[in-house]
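Residues per chain are reported as follows:
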Amino acid sequence: MDLRIFTEPQQGATYDTLLTVAKATEDLGFDAFFRSDHYLKMGSVDGLPGPTDAWITLAGLARETRRIRLGTLMTAATFRLPGVLAIQVAQVDQMSGGRVELGIGAGWFEEEHKAYGIPFPKERFARLEEQLEIVTGLWATEPGGTYDFHGTYYDLTDSPALPKPAQSRIPVLIGGHGARRTPRLAARYADEFNMPFASPEDSAAQFGRVRAAAEEAGRSPDELVCSNVLVVCVGKDDHELARRAAAIGREVDELRSNGLAGSPAEVVDKIGRYQEIGSRRMYLQLLDPSDLDHLEMISSQVQSQLS
């Protein structure tokens, strides 16, 4: 089971804070540092000093880290044109020496679109499907060739399909709870399917749908990595656990039910339940990026037991 650190900078984090967490992620032996792609805070936090852009952040981290994978959960397809996104991600991949992964979704948070003047179309899922075909198609075009796409929402003619990423194939992550279209899209384009904030039972059902869709598409289900993301809150005792829960505005009982919360032993046990249903990777949603002691505890007392 790979453990990856996942941050939500729109809730309040500077680039320097994210850099500190990413370096700790690398030093403490975690597999990857991922971040959300949002421009507006959620809930009662103040969100100060304001949002940071996902791919600008990852470009900086690409030059400041050496080992960890870097990516998004999930880049909003509404934020960027697909040709531009393909260039941005390929460039960051080159800057990192081939350590980037693209998590991409249709976009869902209408308020952030209104706040920053970003169109929020009704047909977002269909646009996402075209974006996936274009981005992966541009990367797959042989050097010296050109790429054309004529769809309902996007039109590309004689694209040189440059630049190329450092990796022969940048891993693509698709996730969500949708029972029909999401598994089909994952089966066609994804290297990894991520189930966000779900129980082992609901995750198992969705993983089954994705595996069935892969078989229908002529792919081996084993080609797809299945993963989960859950909020993490670990304490050596009840007092420390309660303090960390209060720092992120959550209740301990709720976190135990819906996330990875409790003592290190409790968290290891719950991660094991996800491993039993086929999850191979866990993204730990770290909501207090200033608490580096939390990261150290997870590394020394949770990750060490899983490996």
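Further up the page is the structure itself.
Residues numbered from 1 in each chain as written. Predicted model: local features only at pLDDT ≥ 70, side-chain atom pairs only at ≥ 80, totals over all residues. Heavy atoms only, no water.

**Q** Hey, could you run me through the overall build of the protein in this one?
**A** Along its length, the protein carries 11 helices and 12 strands. Computed over the C-alpha atoms, the radius of gyration of the protein is 19 Å, within 12% of the 19 Å expected from 2.2 N^0.38 for a compact globule of 307 residues. Its C-alpha atoms give the protein principal-axis dimensions of roughly 60 × 45 × 35 Å. When each of the 307 residues of the protein is scored for burial, the buried share is 55%. With an accessible surface of roughly 13,500 Å², the protein has 49% of that area assigned to carbon and sulfur atoms. Across the protein, the mean location of the 32 positive side-chain charges is 2 Å away from that of the 44 negative side-chain charges. (Helix = DSSP H or I, 4+ residues; strand = E, 2+ residues; numbered from the N terminus. Rg over C-alpha atoms; globule rule 2.2 N^0.38 Å. Buried < 20%, exposed > 50% of the residue type's maximum accessible area, 1.4 Å probe, protein only. Areas by Shrake-Rupley, 256 points an atom, 1.4 Å probe, with all protein chains shown as cover. Lys, Arg positive; Asp, Glu negative; His and termini not counted. Charge placed at Lys NZ, Arg CZ, Asp CG, Glu CD.)

**Q** Teacher, can you tell me more about the pairing of strand β10 (residues 225-234) here?
**A** The side chains of a regular strand alternate, first on one face of the sheet and then on the other. Counting buried residues in β10 gives 10 out of 10 residues, a clear majority hidden from the surface. The sheet contact formed by strand β9 (residues 192-196) and β10 spans 5 bridges and is parallel. When the sheet's bridge partners are listed, Glu192 is paired in β10 with Val225. Crossover β9 to β10 through helix α7 (residues 200-216) is right-handed. Pairing of β10 with strand β12 (residues 281-286), which is carried by 5 bridges, proceeds in the parallel orientation. Looking at β12, one finds that Val229 is bridged to Tyr283. Sheet topology note: the β10/strand β11 (residues 260-262) ladder contains 3 bridges and is parallel. Bridging across to β11, Val232 finds its partner in Leu260. (Pairing = 2+ DSSP bridges. Right-handed = clockwise from strand over helix to strand, strands pointing away.)

**Q** Is there a simple way to explain the packing of helix α1 (residues 15-27) against helix α2 (residues 54-64) in this structure?
**A** The description of two packed helices rests on the angle between their axes and on the distance between the axes. The N-to-C vectors of α1 and α2 enclose an angle of 45°; their axes lie 10 Å apart at closest approach. When the interaxial angle is binned, α1 and α2 end up oblique. Between α1 and α2 lies a crossing whose hand is right-handed. Contacts between α1 and α2 pair Tyr15, Leu18, Leu19, Ala22 and Lys23 from the former with Thr57, Gly60, Leu61 and Glu64 from the latter. (Axes fitted to C-alpha atoms, helices over the stretch in contact; angles between N-to-C directions. Parallel < 35°, antiparallel > 145°, perpendicular 65-115°, else oblique. Left-handed = near helix turned anticlockwise from the far one by under 90°. Contact = heavy atoms within 4.5 Å.)

**Q** Whenever I open this one, the packing of aromatic side chains confuses me. Can you help?
**A** Each aromatic ring pair is summarised here by two numbers: the centre-to-centre distance and the angle between the ring planes. Evaluated as defined, the whole model comprises 5 aromatic pairs. Seen from their ring centres, Trp108 and Phe109 are 5.1 Å apart, and the 25° between their planes marks the pair as stacked. Among the residues examined, Trp108 registers a relative accessible area of 54% and is labelled exposed. Cluster of aromatic residues (ring-pair linked, three or more members): Tyr39, Phe79 and Tyr116. Between Arg181 and the ring centre of Phe125, over which it is positioned, the NZ or CZ distance is 4.2 Å. (Phe/Tyr/Trp six-rings, centres within 6.5 Å; stacked < 30°, edge-to-face > 60°. Lys NZ or Arg CZ within 6 Å of the ring centre and 35° of its normal.)

**Q** Could you clarify how one ought to interpret helix α6 (residues 181-189) in this entry?
**A** Each turn of an α-helix holds 3.6 residues, which means side chains three or four residues apart point in the same direction. Residues Thr182, Pro183, Leu185, Ala186, Ala187 and Tyr189 constitute the buried set of α6. Of the surrounding secondary structure, the elements contacted by the buried residues of α6 are α5 (124-140), β8 (172-175), β9 and α7.

**Q** Is there a simple way to think about the pairing of β8 in this case?
**A** Taken together, the 2 bridges between strand β5 (residues 100-105) and β8 define a ladder with parallel strand orientation. Looking at the pairing, Gly103 lines up with Leu173 of β8. Judged from the 3 bridges that link them, β8 and β9 form a sheet pairing that is parallel. Counted as the bridge partner of Gly175 is Asn194 from β9. A crossover links β8 with its parallel partner β9, the connecting element being α6, and its sense is right-handed.

**Q** Looking at this model, I keep getting lost on the nonpolar core. Mind explaining?
**A** Within soluble globular proteins, side chains that are nonpolar tend to cluster in buried spots. Judged by nonpolar contacts, the single largest core of 72 residues is most densely connected at Trp55 and Leu284. By residue number, the principal contributor to this core is α5, which donates 7 residues. Leaving out residues up to four positions away in the same chain, Leu284 has contacts with Leu3, Arg4, Ile5, Phe6, Phe30, Leu230, Val232, Leu260 and Ile298. Core analysis: the next-biggest nonpolar cluster, separate from the first, contains 8 residues, Cys233, Ala245, Ile248 and Val252 among them. (Core = buried A, V, L, I, M, F, W, Y, C linked by side-chain atoms within 4.5 Å.)

**Q** Hey, could you run me through the pattern of salt bridges in this one?
**A** Opposite charge on two side chains permits pairing when their charged atoms draw close. In total, this model carries 23 salt bridges according to the counting rule given. The residue Asp2 makes a salt bridge to Arg281 at a minimum N-O spacing of 3.4 Å. With Asp2 in strand β1 (residues 2-7) and Arg281 in strand β12, the pair connects residues that are 279 residues apart, well separated along the chain. According to the relative accessible area criterion, Arg281 is buried, its value standing at 14%. (Salt bridge = Lys/Arg side-chain N within 4 Å of Asp/Glu carboxyl O.)

**Q** Help me out: how do you make sense of the side chain of Arg80 in this one?
**A** Tracing the sequence through the fold places Arg80 in the loop between β4 (75-76) and α3 (82-96). Among the residues examined, Arg80 registers a relative accessible area of 8% and is labelled buried. A polar atom in the side chain of Arg80 sits 2.8 Å from the side chain of Asp37. At 3.4 Å, the side chain of Arg80 forms a polar contact with the side chain of Tyr39. (Polar contact = N/O pair within 3.5 Å; in protein donor to acceptor, adjacent residues only side chain to side chain.)

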